[in-house]
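Spelled out, the chains give:
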Amino acid sequence: MAKILVTGGTGYIGSHTTVELQKAGHEVVIIDNLSNSNIHVLDGIERISGVRPEFVEGDVTDLATLRKLFETHPGIDGIINFAASKAVGESVEQPLKYYRNNLVSLLNLLDLMPEYGVKGIVFSSSCTVYGEPDVNPIDETAPIKPATSPYGNTKQISEEIITDTIHAGAPFKSILLRYFNPVGAHPSAEIGELPNGVPNNLIPYLTQTAAGIRKQLTVFGDDYNTPDGSCIRDFIDVVDLAKAHVIAMGRMLDNPESPKLEVFNLGTGRGLSVLELIASFERSTGVKVPYVIGQRREGDIEKIWADPAKANNVLGWKAEASIDDTMRNAWRWQQKLAGKV
Ligand code: NAD
Ligand code: UFG
């Protein structure tokens, strides 16, 4: 059993990962400033696992807050760093917010890790670092393309900061996890994605449309060079994604032979188009999604899906959920939000 600091732990991926860490017997301390999440997420976590994680309401960009956390919660073995701002469009309008929040928080953690004897950090990166791939599926050796948004740039810079720090001999390990498109919710419907305002991402927009909160979903373009003309993504179930973090942490803390720095793609290896995803939702839930075809969205990648072989072979991790089950869970969560389950 280890003691793990989960930054951004009341957020979407952080809450699911907290549950999986607890299931594996670890003790979790969360720090979150609740800028994009709700304190009641802790209740959902507790209802699933039976254990309420330690919670510090605070900002990771504030070094004094973080230092106090390490003083009052001694013996933290590892960190999973989810805390970040993540809205691509907003990052174009407010780049400094993104550079400050996403980079200063990481710098603070890396600064304090040696002082408090923290042995490893898992970092939430993104397939956005690959830009538009030359080939699919894409593996970890593919070139990093110039970022198309300040948000994407923070992921690239963060990867470089960690890499340089490890190369300089830092006394800890790191695993960079490049997520593809996380979707779905915990099957209990106790936790899920809680977007603020009008969702930008496909699944929350789709489930809100199916629930009648939005009039119709717009499919951004059907004239791409793909079989049905809509964009292709690798949609990965959030619980599968969460489990990979537990394995990555265990590898850093318990395997003296593991490299000081590793990077893994976390995806299913299966590309699904936007239209195929809508069809899967309708098939698995029996609920129709009103949609129209609209203009392409600026900056969208045409098609990207993962080659997850490295994570499969080295971590012994594999995405297992079927897309239909994932869609059913996303819908149950939407219904729960509306008080219907
Ligand atoms: P989220 O917004 O649901 O969770 C992030 C959490 O961090 C929120 O609870 C927010 O309140 C908190 N937070 C933000 N800045 C903070 C700060 N300075 N101090 C303390 N707490 C802070 O996002 P998510 O979807 O769970 O994403 C988690 C991580 O994964 C992020 O780093 C994100 O960039 C990355 N990621 C997400 C996706 C995706 O599609 N969801 C894809 C690739 C990578
Ligand atoms: N889409 C629509 N209609 C919508 C919303 C999305 O057709 O209302 C389409 C998009 O055009 C895209 C696909 O659905 O083709 C997926 O879009 P999302 O916004 O859900 O996800 P992205 O692939 O654009 O980006 C996500 C995260 C980023 C992250 C990236 C890679 O939002 O933060 O995955 O990890 F960087």
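Residues numbered from 1 in each chain as written. Chains lettered and ligands numbered in written order. Predicted model: local features only at pLDDT ≥ 70, side-chain atom pairs only at ≥ 80, totals over all residues. Heavy atoms only, no water.

### Some thoughts on unusual backbone geometry
So, step 1. Along the chain, N136 connects to P137 via a cis peptide bond; the corresponding omega equals -5 degrees.
So, step 2. Residues other than glycine seldom take positive phi values, yet L34 does so here, at roughly 60 degrees.
So, step 3. Here L34 is to be found in the loop between β2 (27-32) and α2 (41-49).
So, step 4. For A189, which is not glycine, the phi dihedral falls at a positive 60 degrees.
So, step 5. Among the structural elements, A189 can be located in the loop between β7 (181-183) and α7 (202-210).
So, step 6. For A189, a relative accessible area of 1% puts it in the buried group. (Helix = DSSP H or I, 4+ residues; strand = E, 2+ residues; numbered from the N terminus. Buried < 20%, exposed > 50% of the residue type's maximum accessible area, 1.4 Å probe, protein only.)

### Here's the deal with the site of ligand 2
So, step 1. In the region of ligand 2, 21 residues are neighbours, and S126, N201, T218, R233 and D300 sit closest.
So, step 2. The contact in question runs from a nitrogen atom of ligand 2 to an N or O atom on the backbone of T218, over 2.7 Å.
So, step 3. Take R233: an N or O atom from its side chain is 2.7 Å from an oxygen atom of ligand 2.
So, step 4. For ligand 2, whose unbound accessible area comes to 680 Å², protein coverage reaches 88%.
So, step 5. With 4 residues, strand β8 (residues 217-220) is the single largest residue contributor to the shell around ligand 2.
So, step 6. Of the residues contributing to the shell around ligand 2, the split by class is 11 nonpolar, 6 polar and 4 charged.
So, step 7. In terms of domain composition, the shell around ligand 2 takes at least three residues from each of domain 1 (3-182 + 235-266) and domain 2 (202-232 + 269-337). (Near = heavy atom within 4 Å. Polar contact = N/O pair within 3.5 Å; in protein donor to acceptor, adjacent residues only side chain to side chain. Areas by Shrake-Rupley, 256 points an atom, 1.4 Å probe, with all protein chains shown as cover. Nonpolar A, V, L, I, M, F, W, Y, C, P; charged D, E, K, R; others polar. Domains from an automatic or database assignment.)

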